[in-house]
Amino acid sequence: MISRKKFLETSLFGFAGLSFLDFKDWKFNEKLGVDVYKNLSPSEIVENEKFWANVREMFPISNEFVFLNNGSVSPPNKFVQERIEEEMKLANQGPSLFMRVNQEKEITNLRSTVARWMNVSPSEIAFTRNATEGLSTIIFGLPLQKGDEVIVSQYDYPYVLNAWKQREKRDGIVLKWVDFKLPFKANQLIDSYKLAFTEKTRFVQLTHVLNWNGQILPVKDLIEIAHNQGCEVLLDAAHSLGCMELNINDLKCDYLATSFHKWMNGPIGTGLLYCAKSKISKVWPLLSSYDSFREDIRKFETIGTFPIYTYLAINSSITCHDVIKLENKRARFVYLASLLINKLTNYMEVKLLSPKNPEFVNGMVSFELSNFNGFDLSELLLKEYKIQTTFVKVGDIDGIRVSPNMFTSKQEILNFLAVIREIINRKN
Ligand SMILES: Cc1ncc(COP(=O)(O)O)c(C=O)c1O
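A brief structural summary. Residue numbers restart at each chain and count upward from 1, following the sequence in its written direction. pLDDT decides what is reported in this predicted model: residues at 70 or higher carry local features, side-chain atom pairs at 80 or more are listed and counted, and totals for whole chains, interfaces and linings draw on all residues regardless. The side-chain figures draw on all heavy atoms in the structure; neither hydrogens nor water molecules are used.

**Here we look at the overall build of the protein chain**
- Across its full length, the protein chain carries 18 helices and 13 strands.
- Based on C-alpha atoms, the radius of gyration is set beside the globule rule, defined as 2.2 Å times the residue count to the power 0.38. Over its C-alpha atoms the protein chain spans a radius of gyration of 22 Å, differing by no more than 12% from the 22 Å that the globule rule assigns to 428 residues.
- Seen through its principal axes, the protein chain has C-alpha atoms that stretch 65 × 60 × 40 Å.
- The rule is simple: take the accessible area with a 1.4 Å probe, protein chains only, and divide by the maximum for that residue type; under 20% is buried, over 50% is exposed, in between is partly exposed. For the protein chain, buried positions account for 57% of its 428 residues.
- Any two residues whose heavy atoms approach within 4.5 Å at even a single point are treated as in contact. Look at the contacts in the protein chain between residues 6 or more apart in sequence, and 69% of them connect residues 24 or more apart. Per the convention used, a helix needs a DSSP run of H or I reaching at least four residues, while a strand needs a run of E reaching at least two, with both numbered from the N terminus.

**Examining the sheet that holds strand β9 (residues 350–352)**
- Here, any two strands with at least 2 DSSP bridges between them count as paired. Reading across the sheet, the four strands line up as β9-β10-β13-β12 and stay open at both edges, with antiparallel pairing between neighbours. Every other strand in the sheet has two partners, leaving β9 and β12 (390–394) as the edge strands with one partner each. For this sheet the average axis-to-axis angle between neighbouring strands, irrespective of direction, equals 40°.
- An axis is simply a line fitted to the C-alpha atoms; with a helix, the fit covers only the stretch in contact. Between two such axes, the angle follows the N-to-C directions and lies from 0 to 180 degrees. Those strands touched by helix α17 (residues 374–385) are β10 (365–369), β12 and β13 (397–402), and its axis lies near 30° from that of β13.

**Overview of the packing of aromatic side chains**
- Each pair of aromatic rings taken from Phe, Tyr and Trp, with Trp reduced to its six-membered ring, is defined by centres within 6.5 Å and is described as stacked if the planes are under 30 degrees apart, edge-to-face if over 60, and tilted in the remaining cases. Per the stated rule, a full pass over the model turns up 14 aromatic pairs.
- With centroids separated by 5.4 Å and ring planes inclined at 85°, the aromatic side chains of Phe 375 and Phe 391 adopt a geometry described as edge-to-face. Placement of Phe 375 in helix α17 and of Phe 391 in strand β12 is noted, with a sequence separation of 16 residues between them.
- Judged by relative accessible area, which is 41%, Phe 375 ranks as partly exposed.
- Phe 391 gets classed as partly exposed once you look at its relative accessible area, which sits at 37%.
- Three or more aromatic residues joined by ring pairs form one cluster here, namely Tyr 155, Phe 180, Phe 184 and Tyr 193.

**Re the pattern of salt bridges**
- The salt bridge criterion pairs a side-chain nitrogen of Lys or Arg with a carboxyl oxygen of Asp or Glu, the two atoms within 4 Å. Overall, the coordinates contain 20 salt bridges when judged by the stated rule.
- Across the salt bridge formed by Asp 254 and Lys 279, the nearest N and O atoms sit 3.4 Å from each other. In this pair, Asp 254 sits in the loop between α12 (248–251) and β7 (255–259) while Lys 279 sits in helix α13 (residues 277–280), placing the two residues 25 residues apart along the sequence.
- A single network of salt bridges, built from pairs that share partners, joins Glu 232, Asp 254, Lys 279 and Lys 282.

**Focus: the side chain of Arg 111**
- Along the chain, Arg 111 turns up in helix α7 (residues 95–118).
- Pairs of N or O atoms are called polar contacts if they sit within 3.5 Å, as long as, within protein, a hydrogen donor faces a hydrogen acceptor (for residues adjacent in sequence, only side-chain-to-side-chain pairs). One polar contact links the side chain of Arg 111 to the main-chain carbonyl oxygen of Ile 125, over a distance of 2.9 Å.
- Dropping the residues within four chain positions of it, Arg 111 is found in contact with Pro 122, Ile 125, Ala 126, Phe 127, Ile 297, Arg 298 and Glu 301.

**Notes on the pairing of strand β2 (residues 125–128)**
- Of the two faces of β2, the one lined by Ile 125 and Phe 127 and the one lined by Ala 126 and Thr 128 are each fully buried.
- Across four bridges, the pairing between β2 and strand β8 (residues 271–275) is antiparallel. Pairing of Thr 128 across the sheet is with Gly 271, part of β8.

**Structural notes on the environment of Glu 149**
- Topologically, Glu 149 is positioned in strand β3 (residues 149–153).
- Residue classification places Glu 149 among the buried residues on the basis of a relative accessible area of 8%.
- For the pair Glu 149 and Gly 172, spaced 23 residues apart in sequence, the C-alpha to C-alpha distance is 9.5 Å.
- Discounting residues that sit within four places of it in the chain, Glu 149 has contacts with Val 174, Lys 176, Thr 198, Lys 200, Thr 201, Arg 202 and Phe 203.

**Quick word on the site of the ligand**
- Lining the immediate surroundings of the ligand are Asn 130, Ala 131, Thr 132, Tyr 157, Thr 207, Asn 211, Asp 236, Ala 238, His 239, Ser 259, His 261 and Lys 262.
- Between an oxygen atom of the ligand and a main-chain N or O atom of Ala 131, the distance comes to 3.3 Å.
- Here an oxygen atom of the ligand sits 2.7 Å away from a polar atom, N or O, in the side chain of Ser 259.
- In the complex, 90% of the free accessible area of the ligand, which totals 390 Å², lies under the protein chains.
- Three residue categories are used. Nonpolar comprises Ala, Val, Leu, Ile, Met, Phe, Trp, Tyr, Cys and Pro, charged comprises Asp, Glu, Lys and Arg, and polar comprises the others, including Gly. Of the residues contributing to the shell around the ligand, the split by class is three nonpolar, seven polar and two charged. Only a single heavy atom is needed: when it lies within 4 Å of a molecule or strand, its residue is near that molecule or strand. Throughout, the Shrake-Rupley method with a 1.4 Å probe supplies accessible areas, and for residues the shown protein chains are the sole cover considered.

**Let's talk about the pairing of β12**
- Alternating residues of β12 divide into Thr 390, Val 392 and Val 394, all buried, and Phe 391 and Lys 393, none buried.
- Summarising the sheet, β12 and β13 pair through five bridges and their orientation is antiparallel. In the strand pairing of β13, Phe 391 is matched with Ile 400.
- Between β12 and β13, which pair antiparallel one after the other, the connecting turn spans two residues, and Gly 395 there sits at a positive phi close to 55°.

**Re the nonpolar core**
- Only buried residues count toward a nonpolar core, which is a set of Ala, Val, Leu, Ile, Met, Phe, Trp, Tyr and Cys residues joined through side-chain atoms within 4.5 Å. In terms of nonpolar packing, the biggest core is built from 58 residues, with Val 114, Met 118, Phe 180, Tyr 193, Val 204 and Leu 206 touching the most fellow members.
- Examining the composition of this core, we find that seven residues originate from one element, α7, more than from any other.
- Excluding residues within four positions of it along the chain, Leu 206 makes contact with Asp 156, Tyr 193, Val 219, Leu 222, Ile 223, Val 233, Leu 234, Leu 235 and Asp 236.
- With 31 residues, the next largest nonpolar core counts Leu 339, Val 350, Ile 413 and Leu 417 among its residues.

**Focus on the environment of Thr 258**
- Counting through the fold element by element, Thr 258 comes out in strand β7.
- Counting along the chain gives 205 residues from Thr 258 to Ala 53, while the straight-line C-alpha distance between them is 27 Å.
- In this structure, Thr 258 is in contact with Thr 128, Asn 130, Ala 131, Ala 237, Ala 238, Leu 241, Gly 271 and Leu 272, ignoring residues within four places of it in sequence.
- A polar atom in the side chain of Thr 258 sits 2.8 Å from the backbone oxygen of Ala 237.

See the structure below:
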C-alpha cells in the first residue's frame, strides 16, 4: 500500500522553484550530481554530456533503439512510473473506496499544486487524458452559431482540424484558412492571420509549436490581434509545456490544452485543459455531467470511471522537471536542434523544413531528403538503423521529423547525421 509519507512528500515537492537541495530525500539528487551541477548556468550545463547521461538514468528506456520521436510521446521518468504502480496497487485493493473516494479527493490537492506551478487559479484547470481531449472539449463545447467564422491553418493538428470540420458540417460554422509556408517568417505569418479576419470572425484556433517542423508561433501577438477583433482563442500547447516557456497569464489565451506525456515526461494518458473562469459556464462539457452550465471546471473532467490514479503521478513529473530546470531543458533542446540544423544545411540533398535559427524551434527539426518520401525514409531508419523518427506529410511537405529528448546524447545525434550521410551516398 502507498505510504501517506510518500504521498505527502511527492505532493509537497510538487512546487515550482525547487532547488536541488530541497530534493535531497530522493536518490535522484545524488544521481544527478547535485553538488557538482547546482551552480552551473544553462550555457555550462547544456553541453555537459555527463549531466545529461545522469538524467537519462532516470528513464528506464530500451537501448535497442535510438528514440528520436519524443514529440509523439516521451517516456515517463521512473519516479512517475513508481507512483503509478503504487497508486494502481492501492486502487485495485478496493477501487470503490480507494479509487472512487480517496484518490478522487487527492485530485483536489493535485489541482492546487499544478495551478500554483502554472501560476493560474485551481478553478481554471481540468485534468484530461491528453491534449486531444482538452482541445475537443472546447471545439465541440463552444456555443457557435451557423455562419460564425473560425480561423484555422492547414498546419494545426489534424485531429483539431477534423473536429472543426465536424462542426462545420454539423453546425454550419465557416472555417477560414490562413495561408503560409513552412518555415514561416513571423511578420509574414502575422500578416496572413490579420487578413483572415472579417466581421463574422468569432474564434481563432492557434498552435503554439507546429508538430510538422517544431516552429514556434508568435502566439502572444496573434492572441492580442484576435482579442482586438473581439475574438476568443484556443491555444494548442501540446508541444510547449515542459520544453519552453508557457506562461498562460502572459499569453492571455481564453482556452488552452496540453499533454504531460510529451515534454514533461509525465504519466502517459495525462493532460490539462485551461479555461478562463469567465468562459466556463458557457462551454458545454464533452460528456454530459452533473450540470453542464455550472461555472465549475470539474464538469470537463466528468468522464465516468477510469484509472484516475494516473493523474496523481503528474506531481512526480513536475518535481523532476523543476529539479532539472526549464532553462536547462530549453538550452539543451536548442543545442541538440542546432547540431542537427548546422549539419543538415550543409547537405545538398537535404531541404530543411524547420527554421535555420534553432531558437525558433522547440527542439524538433524536420527535413526532406531528395529521392525519398518521408514515410520510406523513416521506415529505412527504423528497420536498418534502429533509429525511430516520424514522417511528416502535409500540404506540399513530405519529410521526416527528428525530436530528441533532453537526454538524447550528442553522440546519438552525430550518429544519426552520419547515417543520413551514408543513405545519401548509397543513393548517389
Ligand atoms: C500540435 C499537436 N496538438 C495536439 C496533439 C495531440 O496530443 P495528444 O496525442 O497527447 O492528445 C499533438 C500530438 O502529437 C500535436 O502534435
